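What follows is the residue order along each chain.
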Amino acid sequence: MMRVSGTDLKTFVKSAAEQAGFDLAGIAPARDAQELEYFPEWIAAGRAGDMKYLEARDEKGDLKRASLARVAPWARSVIVCAINYNTAHPYSTELNDPERGWISRYAWSREDYHDAVLRRLKKVEAAFREVLPEVQQANLTTRSYVDTGPIVERVFAKYAGVGWIGKNTCIISQKKGSWLFLGVILTSLELAPDLPTPDRCGTCTRCIEACPTNAIVAPYQLDSNRCISYLTIEKRASIPEEFRAGMGRHIFGCDICQDVCPWNRKAPVTNAIEFEPRPGMVNPALAWLAEMPAEDFRETFRGSPVRRTKRAGLRRNAAIAMGNSANAEFLPLLQTMADDEDEAVAESARWSITRLRS
Ligand code: SF4
Ligand code: SF4
């Protein structure tokens, strides 16, 4: 059996990531980067909204995500892998059909991206475990995460050389753009780290200017409470009125700050077929979503991130999008929804009726 160590091991890990289907991979040191210093401030300012999982604390009351040493003191390196999920379909900023809404590009895929990315991470883990000398194998600790880990993945992605953190707070690769799913492997292996990616946003401010709800409150700073992604997916009950007009036709997530980014102008298309869209996901008909029976919702979105907003959340968002459509043909449907048993759906429909009539 092949045995590798030292710099060969780092090369081996990267080639295992490539073989598993990742487009980019790098190694970050397992130390707390300067960006994480702002995380407690960001939480204290209420910028995470209702996303309480970001506020998970250890027994001393310290935020877990603010320090890797706190949650994985054994970790010596962080392997960060990224896979492109872009498919050959238009950007939200290129389409404007008043009968249709927008589901964020990452949520179109046939297979839930958590599963698709984790499966690949496990292959990488297994590959490098196998080539380690037996003693090292016995002492090796690894943990693979896709979104669910107690760490801020994009900070480690920057230090692993995968991409820089843009002013829109997304990881951007010079070659691949920002349509990237990230996966991380924390490991007790000491691997030589890569260099951090330099910031290439320069003087550009397109994402800040294009954001319809002014959620990028300063370069590199996102207020989740204002972000359409948060409002349409995480926010329960009614959406604050001040943001409804800005939501436009978004019914699950928002891609605008990535659609306008010059680094996505020529973003390549993925090789991973599981990220091809399910039927109906690209620019979906608003009436279809608003009238979707519970059984169809379960069937259409089985294993899809869209389930996170639940059927009521999706219908609430569709009601608001209809109100923003300037399309009076939605009025009869909205009138039915105004008596819906779900109060957020009913109240959003009433708001939309008033908006369409005015
Ligand atoms: S996802 Fe949409 S709402 Fe959120 S910051 Fe980007 S452009 Fe603004
Ligand atoms: S739009 Fe411009 S400022 Fe915003 S992330 Fe892209 S390059 Fe950076």
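Computed from a prediction, not measured in an experiment: that's the story for all the values here. Along each chain, residues carry numbers from 1 onward, in the same order as the chain's sequence is written. Numbering of ligands from 1 and lettering of chains from A proceed in the order in which they are written. Note on the predicted model: pLDDT of at least 70 is required for a residue's local features to be given, and 80 or more for side-chain atom pairs to be given and counted; whole-chain, interface and lining totals, by contrast, use all residues. Just so you know, side-chain values use all the structure's heavy atoms and leave hydrogens and water out.

**Thoughts on the nonpolar core**
Using the following cut-off: Grouping buried Ala, Val, Leu, Ile, Met, Phe, Trp, Tyr and Cys residues that are joined through side-chain atoms within 4.5 Å yields what is termed a nonpolar core. Whether a residue is buried, partly exposed or exposed follows from its accessible area with a 1.4 Å probe, protein chains only, as a fraction of its type maximum: under 20%, in between, or over 50%, in that order. Elements are defined by DSSP. Helices are runs of H or I of four residues or more, strands are runs of E of two residues or more, and each kind is numbered from the N terminus. Here a residue-residue contact requires only that any non-hydrogen atoms of the pair lie within 4.5 Å.
Residues L68, V78, V80, F156, V162 and L186 are the most contacted members of the largest nonpolar core, which totals 45 residues. Among the secondary structure elements, those contributing two or more residues to this core are β1 (24–29), α2 (39–44), β2 (77–84), α6 (153–159), β7 (180–187) and α8 (228–234). Apart from residues no more than four positions distant in its own chain, V78 is found in contact with G26, I27, A28, P29, A30, L68, F156, V184, I185 and L186.

**Thoughts on helix α15 (residues 343–357)**
The condition is simple: In this scheme, a helix's expected span is set at 1.5 Å multiplied by one less than its residue total. Nitrogen and oxygen atoms within 3.5 Å of one another constitute a polar contact, given that in protein one can donate a hydrogen and the other can accept it, and given that sequence-neighbouring residues count only through two side-chain atoms.
Here α15 contains 15 residues, and its C-alpha end-to-end distance of 21 Å stays within 8% of the 21 Å for a straight helix at 1.5 Å per residue. Every buried residue belonging to α15 is among A344, V345, A346, E347, S348, A349, W351, S352, I353 and L356, and all of these are buried. Packed against the buried residues of α15 are α9 (241–244), α13 (310–323) and α14 (331–337). Capping the start of α15 is the job of one residue whose side-chain oxygen sits 3.0 Å from the backbone nitrogen of A344: D342.

**Details of the pattern of salt bridges**
The criterion, for reference: Definition used for salt bridges: Asp or Glu carboxyl oxygen within 4 Å of a side-chain nitrogen of Lys or Arg.
Under the definition given, this model contains 14 salt bridges. The residue E111 makes a salt bridge to R119 at a minimum N-O spacing of 2.6 Å. Since its relative accessible area comes to 21%, E111 is described here as partly exposed. Bridged by salt links that share partners, the residues E111, R119, R120 and E274 form one connected network.

**A few points about the site of ligand 2**
Applicable threshold: Proximity is defined per residue: any heavy atom of the residue falling within 4 Å of a molecule or strand makes that residue near it. The nonpolar class holds Ala, Val, Leu, Ile, Met, Phe, Trp, Tyr, Cys and Pro. Asp, Glu, Lys and Arg form the charged class, and all remaining residues, Gly among them, are polar.
Every residue near ligand 2 is listed here: G166, K167, N168, I172, C201, C204, R206, C207, C261, P262 and W263. Of the residues contributing to the shell around ligand 2, the split by class is seven nonpolar, two polar and two charged.

**Details of the sheet that holds β7**
Stated precisely, the cut-off is as follows: One bridge is not enough; two strands pair if DSSP finds at least two bridges between them. Note on definitions: angles span 0 to 180 degrees between N-to-C directions of axes, and those axes are lines fitted to C-alpha atoms, for helices only across the stretch in contact.
An order of β1-β2-β7-β4 is seen for the four strands of this open sheet, with the pairing classed as antiparallel. Edge strands, defined here as strands with exactly one partner in the open sheet, are β1 and β4 (142–145). Strand after strand, the sheet turns through a mean of 20° between neighbouring axes, direction not considered. Looking at chain direction, β1 and β2 are connected through six bridges and run antiparallel. Residue pairing across strands places P29 opposite S77, the latter belonging to β2. With respect to the sheet, helix α4 (residues 113–131) is in contact with β2, β4 and β7, its orientation differing from that of β7 by roughly 35°.

**Section: the packing of aromatic side chains**
The description of an aromatic ring pair uses the distance of the two centres, along with the angle that the planes make with each other. The condition that has to hold: The pairing test for Phe, Tyr and Trp rings, Trp by its six-membered ring, is centres within 6.5 Å, and the orientation test on the planes gives stacked under 30 degrees, edge-to-face over 60, and tilted for anything in between. Only lysine NZ and arginine CZ atoms are considered, and such an atom sits over a ring when it is within 6 Å of the ring centre and within 35 degrees of the ring normal.
Within this structure, the stated rule accounts for 10 aromatic pairs. A ring pair is formed by Y85 and W179, whose centres lie 6.1 Å apart and whose planes are at 75°; its orientation type is edge-to-face. Placement of the pair is Y85 in the loop between β2 and β3 (102–103) and W179 in the loop between β6 (171–172) and β7, with a sequence separation of 94 residues. Classification of Y85 by relative accessible area gives buried; the value is 6%. Ring pairs connect the aromatic residues Y85, Y91, Y106, Y113, W179, F181, F252 and F275, which therefore count as one cluster. Of note, R105 hangs over the ring of W179, and the distance from its end group to the ring centre comes to 5.1 Å.

**A look at the packing of α13 against α15**
The following threshold applies: What sets the label is the angle itself: under 35 degrees gives roughly parallel, over 145 gives roughly antiparallel, 65 to 115 gives roughly perpendicular, and the rest give oblique.
Look at α13 against α15: their axes get within 8 Å of each other, and the N-to-C directions meet at 5°. It follows from the interaxial angle that α13 and α15 lie roughly parallel. Residues A312, R315, R316, A319, I320, M322 and G323 of α13 touch α15, and the partners they reach there are A344, V345, S348, A349, W351, S352, R355 and L356.

**A word on the environment of E274**
Along the polypeptide, E274 turns up in the loop between α10 (256–259) and α11 (286–290). Distance in space between the C-alpha atoms of E274 and A116 is 7.6 Å, their sequence separation being 158 residues. With near-sequence residues (within four places) excluded, E274 lies in contact with S109, R110, E111, A116, R119 and R120.

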